[in-house]
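Next come the chains, spelled out residue by residue.
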Amino acid sequence: MKIHISFVALFAVLFIGACTPPKELGDQQAAEPVQKTLEVDVEKFTLDNGLEVVFHKDDSDPVTAVALMFHVGSAREIENRTGFAHLFEHLLFLESENLGKGGLDAMSSRIGGSGANGSTSRDRTDYFQTVPNDALEKMIWAEADKLGFFINTVTEAVLEKEKQVVKNEKRQGVDNAPYGHANYVVGKNLYPSNHPYNWQVIGSLEDLQSATLDDVKEFYRKWYVPNNATLVIAGDFDSEQAKAWVSKYFSEIPRGDEITPLPKMPVELESSKSLFHEDNFARLPELRLTWPTVEIYHPDSYPLQVLSQLLSSGKKAPLNSVLTEQEQLSSTIFMFDRNNEIAGEKTLLIRAFPGTDLDEVYAAVNTAFTKFETESFTQADLDRIKAGIETSFYNNLSSVLGKAIQLAEYNIFAGDPSFINQDIANVLAVSKEDVLRVYNAYIKGKPYVATSFVPKGEVELALEGASVAQVTEEEIVQGVAQEEFLLPESTEYARTPSSFDRSVEPPYGPAAQVKVPTTWQAQKANQMGVYGIETFELPLVQFRLEIDGGLMMESTEKAGVANLLAELMMKGTASKTAEQLEEAIDMLGASISVSASQDTMSISGNTLAKNYQATLDLVEEILLSPRWDEQEFALAKQSVLSNLAQQSANPNAIANAQFNKLLYGSENILSYSVLGSTDTVANITLGDLKEYYERHLAPELADFHIVGAVTQDTVMASLDDLATKWTVRDAKLPVFTKPAPIEASQVYFYDVPGAKQSVIRFGYLALAETDTDFYPAEVMNYILGGGGFASRLTQQLREGKGYTYGIRSSFSGTQLPGPFVIGSNIRTNVTYEAAELIKSILSEYPATFSEQDLQTTKSFLLKSNARRFETLGAKLSMLKNISDYRWTADYVSKREAIVKEITLDEISALAGEYVNPNKMLYLVVGDAQTQLSRLEALGFGAPILLNPNDDAQVAQ
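Thresholds, definitions, all that
- The written sequence of each chain sets the order in which its residues are numbered from 1.
- Totals for whole chains, interfaces and linings use every residue, but because this is a predicted model, local features are given only for residues with pLDDT of at least 70 and side-chain atom pairs only at 80 or more, for both listing and counting.
- Here the side-chain values reflect all heavy atoms present in the structure, with hydrogen atoms and water set aside.
- When the centres of two rings from Phe, Tyr and Trp lie within 6.5 Å, Trp using its six-membered ring, the rings pair. Their planes under 30 degrees apart give stacked, over 60 give edge-to-face, and anything left gives tilted.
- Note on conventions: DSSP H or I runs of at least 4 residues are helices, E runs of at least 2 residues are strands, and numbering of each starts at the N terminus.
- Throughout this description, buried means an accessible area under 20% of the type-specific maximum (1.4 Å probe, protein chains only), exposed means over 50%, and partly exposed covers the range between.
- All tallies of charge rest on Lys and Arg as positive and Asp and Glu as negative; His and the ends of each chain are not included.
- What counts as a salt bridge is simple: a side-chain nitrogen of Lys or Arg found within 4 Å of a carboxyl oxygen of Asp or Glu.
- Side-chain atoms alone can form a polar contact between residues adjacent in sequence; in general such a contact is a pair of N or O atoms within 3.5 Å, and within protein one must be able to donate a hydrogen while the other accepts it.
- Should DSSP find at least two bridges between two strands, the strands are taken to pair.
- For every element, the axis is a line fit to its C-alpha atoms; helices are fit only across the contacting stretch, and the angle between N-to-C directions ranges from 0 to 180 degrees.
- When checking whether two residues touch, look at their non-hydrogen atoms; a contact exists if any pair is within 4.5 Å.

Caption draft 1: A look at the packing of aromatic side chains. Within the structure shown, the criterion is met by 37 aromatic pairs. Ring centres of Phe 88 and Phe 219 lie 6.1 Å apart, and the angle between their planes is 15°; this geometry places the pair in the stacked category. Of this pair, Phe 88 sits in helix α1 (residues 84–91) while Phe 219 is found in helix α7 (residues 213–223), placing the two residues 131 residues apart along the sequence. Overall, the relative accessible area of 1% leaves Phe 88 in the buried class. On the accessibility criterion, Phe 219 (8% relative accessible area) is buried. Ring centres of Phe 88 and Tyr 224 lie 5.2 Å apart, and the angle between their planes is 40°; on these two criteria the pair is classed as tilted. Of this pair, Phe 88 sits in helix α1 while Tyr 224 sits in the loop between α7 and β7 (229–235), and the two are 136 residues apart along the sequence.

Caption draft 2: Main features of the side chain of Asp 751. Relative to the helices and strands, Asp 751 is located in strand β20 (residues 746–751). Despite its burial, Asp 751 pairs with no opposite charge; the closest candidate is Arg 283, at 11 Å N-O. Polar contacts involving the side chain of Asp 751 include one to the main-chain amide nitrogen of Ala 928, which spans 2.9 Å.

Caption draft 3: A look at the pattern of salt bridges. For the structure on display, the rule yields 51 salt bridges. The residue Asp 215 makes a salt bridge to Arg 81 at a minimum N-O spacing of 3.2 Å. Of this pair, Asp 215 sits in helix α7 while Arg 81 sits in the loop between β4 (63–70) and α1, and the two are 134 residues apart along the sequence. Notably, a salt bridge pairs Asp 126 with Arg 124, separated by 3.5 Å at the nearest N-O pair. Classification of Asp 126 by relative accessible area gives buried; the value is 1%. According to the relative accessible area criterion, Arg 124 is buried, its value standing at 11%.

Caption draft 4: Inspection of the sheet that holds strand β17 (residues 591–596) at higher detail. Ordered by their spatial adjacency, six strands build an open sheet running β14-β15-β19-β16-β18-β17, and the pairing between neighbours is mixed. Only two strands of the sheet have a single neighbouring strand rather than two, namely β14 (519–523) and β17. In this sheet, neighbouring strand axes are inclined to one another by 15° on average, regardless of whether the strands run parallel or antiparallel. In the sheet, β17 pairs with strand β18 (residues 600–608) via six bridges, with the strands oriented antiparallel. Bridge pairing in β18 places Val 594 opposite Ile 603. Against the sheet, helix α16 (residues 561–569) contacts β17 and β18, and its axis sits at roughly 165° relative to β17. Along the sheet face, helix α29 (residues 872–885) touches β14, β15 (529–534), β16 (540–548) and β19 (702–708) and points at about 150° away from the line of β19.

Structure (structure tokens):
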């Protein structure tokens, strides 16, 4: 079938009639979209066993995405047997009869894939990967093995191991995270106990631990069958050949029992409910209000989606206007919808400033709703909001993988992938009357579930009359039963019969031809470098103006100036208020942002090619004519301080902050976060921002990167005015002094009492990207911890021991030396065991890196180049590399040569020099009472406690 997609705003309000922003707010008119269709070919067919197959061809790059989606999620589970769908998301990656143990991950590495991955929701589970197109048959073979030749490989030992991995995932994302239990509390109180949405997708630790092998196999045989699945292939491939492969590998997998769809089960609350929870990891009081609404694709789901944005998005939105501007209670306000298959909900989330009474927040919410009821909104407001929704919609389709996943969801939940056309049309058809109707029907005066999550010991901040939420928190127990398992080297199991030998991996197809973009370079008279790539596949342009400096230009007394300046530059210009600037950008269907990093400040833009000049004119105004608004500065400063307060109890944020201090030393500006610290931000004045702006935002430190449907001549001409007005300032970068190298390893511990996991950061300050050994060291690190599921760290700590949900190692230099770091979240009661295992892996790595490891590394790094430049963002990153490091445009080819020529001896030498476990910092953020003393057994002396005299607040 062919899909004709209505593009009123492809990626960003496509074909908006008004291309130039009006000078004054009062001149604004509703944008008049010009309808245009873009034809996308989609082919669908069904095998005799019920498997539905969707093809979408896109030959822009030599890559193909494969997505296998099952119509099963947590809603198909039963009470007290929760978490099974998510558990199977994990299990299906481990082993199948013909790929063997770890075979999918090993194959993904060899073929240069993006890494096999998956996700689970209430109503579906999907598995996906993007590969060079020469590996398509291999992926089809592998996905078929997952579907039809998997369940016999699941043994008691495999099940027990994966239970620990899933439990670690829950600890990391729920139990050890600020506000992690909020969704659980909402679900338990919004949906009755017999409703499939009453429990969370990840399930409970108790249900997971009590699940038997028979339980999970029964669940698999019911739901993981061809007639409950959709296979989507999207990208550059031959349709007839792909059909033959799909038929060959999938057709003989037997159909399962017929599956009855779940009926729609919308809920109604008889009265509002209010609950509170003291959160060990929260420092900001959070209020959530959740109303029951409608299921996915219900006619009212579209105006409800628009309503959320009208109420909460932008300076003009009533919730922002009242809570942020007027009452100054919060700068973190979100309103969002979860429209699932059988029911839906709308949530308002407000994270208030420290010490704020949530009753005040609730009162302000009601004031905002009254403002919305009395003042309403204009057609221009509605058009901008719909444009933003459509922007997001099409951004999800910007890669072949995004298209594959979206088409699978439409096929499953709408019964037809061509619903992609109708879905976005339904958004565009929303009227003002529709929005007001659903507000009255679902929000105004309707009962809701309110949750108050407050910091420990600050119960008085919760809504008055709130009841205690029933939240079960895991107790830390050393050597707890049922957490250990033994995986045999191999397992005997019955083989599923097949009409042909499936144990032979299919061959590669014709080699994928890497398409390295053609770049151009120039310079303006003000010394600003200009770098570009022309690509006319879509009428889009992305650009970034990058100015060297960032945090490096600051003092340790006032760290955070660059970040605050970046915030303030988007809060209006000399001729526009913050609201007027925001609306001018929206009228173009564009996005503009300003950000600061350790060594840069950047202004980024994303726009239609036809609106490029008008968007650039706004960037010029933002850069050259700041508003310097005192009230906006005060709000920005308060927002940063609030963010820092929240980070002070987040174990991952604590780990990052403390690791930087250990790497650089407290006197070095780079030991600070880009945000600064509570003390340094408090010292910053508006005058400090002005001084930074005048001294350091200089064209001689700047490069302009641009990718998209615009020529070099057009770009150079477009920059003439900016180059004339933005003059050289004789700015200089400071000289970076690298701290002395670590002579001997030392363990440091930061205490977070009651932490359910230990967050680790092991490493040292290593190399700059420009150092000769940097890329060879990255090559060496691929098998250690940079190769995802194929890496040794993952295979041993996650797959072998179940200590963690994930672990990585990386080198991260820029023009400055950056750290080598190993990072993970470890189950608390195996903190020492995990650290000792990591130390052992590092010690053995130089001598045990094998010829097979070398070939796997080379295969991945060379073949993955086929998908390296698929998106505009990837092309923009290429330009950044060229300009930042003054590389030639053929640096990709030079790196390929390094990979091809590197030897086993060179890898061993690099490993011995750059991943030496005896010359690293070992930082652990966790529960000191149970874990601190055990770490002395690592052999690096007594651990140093970093916060012995406080209550686990992050040292600033």
